[in-house]
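# Breakdown of the fold
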Amino acid sequence: MTASPAGGRGRFAGAGPEDRVVVARAPAKVNAHLAVGPLRPDGFHELQTVYLAVSLFDTVTVQDGDGITLTVSGEGGGATTGAGRVPTDRTNLVWRAADLLAEHAGVPADAAIEISKSIPAAAGLAGGSADAAAALVALDALWGTHASRADLIELAAQLGSDVPFSLLGGVALGTGRGEQLTPVLARARSHWVLGIAREGLSTPAVYAELDRLRAGGQVPDGAVLGSPEPVIAALRSGPTGALAAALANDLQAPALSLRSDLRRALRVATDAGAAAALVSGSGPTIAALANDEGAAVRLAAALAGEGIFRTVRAVHGPVPGARLVG
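Residues numbered from 1 in each chain as written. Predicted model: local features only at pLDDT ≥ 70, side-chain atom pairs only at ≥ 80, totals over all residues. Heavy atoms only, no water.

### So, the overall build of the protein
Across its full length, the protein carries 10 helices and 13 strands. Here the C-alpha radius of gyration of the protein, 19 Å, is about what a compact globule of 326 residues would show, namely 20 Å. In terms of overall dimensions, the protein has a C-alpha envelope of 55 × 45 × 40 Å along the principal axes. The buried share of the protein, taken over its 326 residues, is 52%. In the protein, of all internal contacts separated by at least 6 residues, the share reaching a separation of at least 24 is 75%. About 13300 Å² of surface is accessible on the protein, with carbon and sulfur atoms providing 52% of the total. Charge centroids of the protein, computed over 26 positive and 30 negative side chains, lie 6 Å from each other. (Helix = DSSP H or I, 4+ residues; strand = E, 2+ residues; numbered from the N terminus. Rg over C-alpha atoms; globule rule 2.2 N^0.38 Å. Buried < 20%, exposed > 50% of the residue type's maximum accessible area, 1.4 Å probe, protein only. Contact = heavy atoms within 4.5 Å. Areas by Shrake-Rupley, 256 points an atom, 1.4 Å probe, with all protein chains shown as cover. Lys, Arg positive; Asp, Glu negative; His and termini not counted. Charge placed at Lys NZ, Arg CZ, Asp CG, Glu CD.)

Next comes the structure, spelled out in structure tokens:
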């Protein structure tokens, strides 16, 4: 499977002009740095985050249809975990992405859309945002809307804070509510092991818990945000030890408050040889940093053997954002 730039057209072998098929994929993300400011008047928190796109991908397949239809398959598959918890109606970001692009381009919103998930739902890895980004790229190609990358990023920002980064990929500094991006040139590859918890964790609930903890003086109030520069410098040139020392996540404390089992998960990861471990985004995934690819493979095997995660994935980053494949 090879990537082609946005704006090209993908097909399955044997597909004719009357049954066009376009496939795109987009990566999961890890927040190597996540500083959360106070609640803003618009209901969002001011963020300063360093996004890292990693090699765990969801795939979105689109073809001609009558109106929008949406199916989901893949990771997990149970009624309350994995693909089974992803909605297939207008509340799904992919459906909203289709409507938004069609309205922007002045074309009918007609497509049969299938999401194949490898990124767990409600795991702090931006799986829903990745799906929306892949859908924008795929539908732009299917419908021939010829949207520029800037147009797609503007539409993505209307869908959610993480969707623009899912389009961009690589490494980026996010500000505002996370949607204002400054790309970061990062030559160093980092290796991670993602420990996926058995139950998801609601992002709004984690932010609400952060506000509660701050109101009670249990964590800093966020008036002064930690600097992302140490993480950016480490991602640019390494070494792993520098990145391990710089990792930070203001949402880790509220995630641990809501899910005390995550404390053990973090401890198990570091005891198993991780250079560092933190809660990914709003959780509950544990992102464990490894010294190299071999160490990541060994760490993944060790964590899988502990039996405390639903699944364990060894990944690396940075990787590109949403792209057509075929």
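### Quick notes on the nonpolar core
Counting 69 residues, the largest nonpolar core has Ile113, Leu139 and Trp192 as the members making the most contacts within it. Of all the elements, helix H2 (residues 127-143) adds the most residues to this core, at 12 residues. Once residues lying within four places of it in the same chain are set aside, the contact partners of isoleucine 113 are Val60, Thr61, Val62, Ile68, Thr69, Leu70, Thr71, Val94, Ala98 and Leu139. With 31 residues, the next largest nonpolar core counts Tyr207, Leu256, Ile286 and Leu299 among its residues. (Core = buried A, V, L, I, M, F, W, Y, C linked by side-chain atoms within 4.5 Å.)

### Re unusual backbone geometry
The peptide bond linking glycine 283 to proline 284 adopts the cis configuration, its omega dihedral lying at 10°. Residue proline 318 is bonded to the preceding glycine 317 through a cis peptide linkage, with omega at 5°. Tracing the backbone through its elements, the reader meets proline 318 in the loop between strand S12 (311-317) and strand S13 (323-325). Of note, alanine 122 is a non-glycine position whose phi angle comes to about 50°, a positive value.

### Structural notes on the packing of helix H9 (residues 261-271) against helix H10 (residues 293-306)
Packed helices, taken two at a time, are described by the angle between their axes plus the distance between the axes. Across the interface, H9 lies against H10 with an axial gap of 10 Å and an inter-helix angle of 140°. Between H9 and H10, the angle is such that the two are oblique. The interaxial crossing formed by H9 with H10 has right-handed handedness. In contact with Arg264, Val268 and Ala269 of H9, H10 contributes Leu299, Leu303 and Glu306. Grouping the constituent residues of the contact of H9 with H10 by class yields four nonpolar, no polar and two charged. (Axes fitted to C-alpha atoms, helices over the stretch in contact; angles between N-to-C directions. Parallel < 35°, antiparallel > 145°, perpendicular 65-115°, else oblique. Left-handed = near helix turned anticlockwise from the far one by under 90°. Nonpolar A, V, L, I, M, F, W, Y, C, P; charged D, E, K, R; others polar.)

### Concerning the pairing of strand S10 (residues 276-279)
Examined bridge by bridge, S10 and strand S11 (residues 286-290) share four bridges and lie antiparallel to one another. In the strand pairing of S11, alanine 276 is matched with leucine 289. Following S10, the chain reverses through six residues before pairing antiparallel with S11; glycine 281 in that reversal takes a positive phi of roughly 55°. (Pairing = 2+ DSSP bridges.)

### A look at the pattern of salt bridges
Per the stated rule, a full pass over the model turns up nine salt bridges. The partner of arginine 40 in a salt bridge is glutamate 46, and the shortest N-O contact between them spans 2.9 Å. Between aspartate 261 and arginine 259 there is a salt bridge; the shortest N-O distance is 3.1 Å. Residue aspartate 261 is classed as partly exposed on the basis of its relative accessible area, which comes to 41%. Residues joined in a network through salt bridges with shared partners are Arg40, Asp42 and Glu46. (Salt bridge = Lys/Arg side-chain N within 4 Å of Asp/Glu carboxyl O.)

### Some details on the environment of alanine 287
By the element assignment, alanine 287 lies in strand S11. On the basis of relative accessibility, which here comes to 0%, the residue alanine 287 falls in the buried class. Distance in space between the C-alpha atoms of alanine 287 and leucine 194 is 4.8 Å, their sequence separation being 93 residues. Setting aside its immediate chain neighbours within four residues, alanine 287 contacts Val30, Trp192, Val193, Leu194, Ala276, Ala277, Leu278 and Ser280.

### Side note on the environment of arginine 40
Looking at the element boundaries, arginine 40 is found in the loop between strand S2 (21-39) and strand S3 (45-63). Note: C-alpha distance between arginine 40 and valine 315 (275 residues apart in sequence) is 34 Å. If we ignore the near neighbours within four places in the chain, the residues touching arginine 40 are His45, Glu46, Gly176 and Arg177. Polar contacts involving the side chain of arginine 40 include one to the side chain of aspartate 42, which spans 2.7 Å. (Polar contact = N/O pair within 3.5 Å; in protein donor to acceptor, adjacent residues only side chain to side chain.)

### So, the packing of aromatic side chains
Counted under the stated rule, the structure contains one aromatic pair. Taking 4.6 Å as the distance between ring centres and 10° as the angle between the ring planes, the aromatic pair formed by tyrosine 51 and phenylalanine 165 counts as stacked. Of this pair, tyrosine 51 sits in strand S3 while phenylalanine 165 sits in helix H4 (residues 163-168); the two residues are 114 residues apart in sequence, bridging distant segments of the chain. Summarising the burial analysis for this pair, tyrosine 51 and phenylalanine 165 share the class buried. It is arginine 25 that lies over the ring of phenylalanine 57; its NZ or CZ is 3.8 Å from the centre. When the ring centre of phenylalanine 44 is taken as origin, the NZ or CZ atom of arginine 177, which lies over that ring, is 5.1 Å away. (Phe/Tyr/Trp six-rings, centres within 6.5 Å; stacked < 30°, edge-to-face > 60°. Lys NZ or Arg CZ within 6 Å of the ring centre and 35° of its normal.)

### With respect to the environment of arginine 149
In this fold, arginine 149 is placed in helix H3 (residues 149-159). Taking C-alpha positions, arginine 149 is 8.6 Å from leucine 167, a pair spaced 18 residues apart along the chain. At a separation of 3.0 Å, a polar atom in the side chain of arginine 149 contacts the main-chain carbonyl oxygen of leucine 167.

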